[in-house]
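Each chain is listed here by its residues.
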Amino acid sequence: MSEVDPDWVSAGATVFAGVATLAAAVASCFAYKLQRAITKGRQQLLKGDDLLKNMQLLIATFADVHATAKQDWSPERTEKLRSLDERLRYTETVIKSLNPQIGEQVEQWRISSDAKGDSVTRVVSLILGGTGAIIGAKYDDFLFSKAAQLREIQDSIFNEMST
């Protein structure tokens, strides 16, 4: 039986060790990329969750504006409407920071005027919160239409999150 040269055994072991080291390096590179993708996905999920929560807060605040506007006039009612108006603007700012495109839609929702020249800013800040006007059918319909627009924006968030 022939004897195996120890130099060849050593060379073979070195080659196998090199291949194993290379395989470990490639695997760690893939693991790093996978970890980055998972982290990015988790951050996007959390960001989307925060966006959705703030959108729902905006809808709830607007519903509170509508309900408060139907109450009889009082200084407390006027103060609550002013506070709710501030919360609407703050929540809009948070939404803009989470998703500038959705934030732009929310800003347009708040400042855009309808055919009669009414906007959320004008009705909530000036008429209801500023002068303390009591809501009538005119503003009731306006607030319902603006609530429907908010639901459409929320639907676009759901669609964006599902893709």
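Higher on the page you've got the structure.
This report concerns the structure included in the present document. Everything numeric here is computed off the predicted structure, so don't read it as measured data.

If you trace the backbone, Thr68 turns up in helix H1 (residues 6-69). Ignoring anything within four residues of it in the chain, the contact list for Thr68 reads Arg77, Lys80, Leu81 and Leu84.

To continue, consider H1. For H1, with 64 residues, the first-to-last C-alpha span of 93 Å sits near the 94 Å given by 1.5 Å per residue. Within H1, the full set of buried residues consists of Gly48, Leu51, Leu52, Asn54, Met55, Leu58, Thr61, Phe62, Val65, His66, Thr68 and Ala69.

Where helix H2 (residues 75-98) meets helix H4 (residues 120-128), the axes come as close as 9 Å, and the angle between the chain directions of the two elements is 150 degrees. Taken as axis vectors, H2 and H4 run roughly antiparallel relative to one another. Considering only the axes of H2 and H4, their crossing is left-handed. Taken together, the residues of H4 that come into contact with H2 (itself represented by Arg77, Leu81, Asp85, Leu88 and Arg89) are Val120, Val124, Ser125 and Leu128. When the residues that make up the contact of H2 with H4 are grouped by side-chain class, the tally is five nonpolar, one polar and three charged.

Our next topic: the nonpolar core. Membership of the largest hydrophobic core comes to 28 residues, with the highest contact counts inside it found for Met55, Phe62 and Val106. Elements that contribute at least two residues to this core include exactly H1, H2, helix H3 (100-111), H4 and helix H5 (137-162).

For the rest of this paragraph, the subject is H2. Relative to the 34 Å expected for 24 residues at 1.5 Å per residue, H2 spans 35 Å between its end C-alpha atoms, a close match to the ideal helical length. Listed in full, the buried residues belonging to H2 are Arg77, Thr78, Leu81, Leu84, Asp85, Leu88, Thr91, Glu92, Val94, Ile95 and Leu98. Where H2 is buried, its residues touch H1, H3 and H4.

What counts, and where the lines are drawn
Residues numbered from 1 in each chain as written. Predicted model: local features only at pLDDT ≥ 70, side-chain atom pairs only at ≥ 80, totals over all residues. Heavy atoms only, no water. Helix = DSSP H or I, 4+ residues; strand = E, 2+ residues; numbered from the N terminus. Contact = heavy atoms within 4.5 Å. Expected span 1.5 Å × (residues − 1). Buried < 20%, exposed > 50% of the residue type's maximum accessible area, 1.4 Å probe, protein only. Axes fitted to C-alpha atoms, helices over the stretch in contact; angles between N-to-C directions. Parallel < 35°, antiparallel > 145°, perpendicular 65-115°, else oblique. Left-handed = near helix turned anticlockwise from the far one by under 90°. Nonpolar A, V, L, I, M, F, W, Y, C, P; charged D, E, K, R; others polar. Core = buried A, V, L, I, M, F, W, Y, C linked by side-chain atoms within 4.5 Å.

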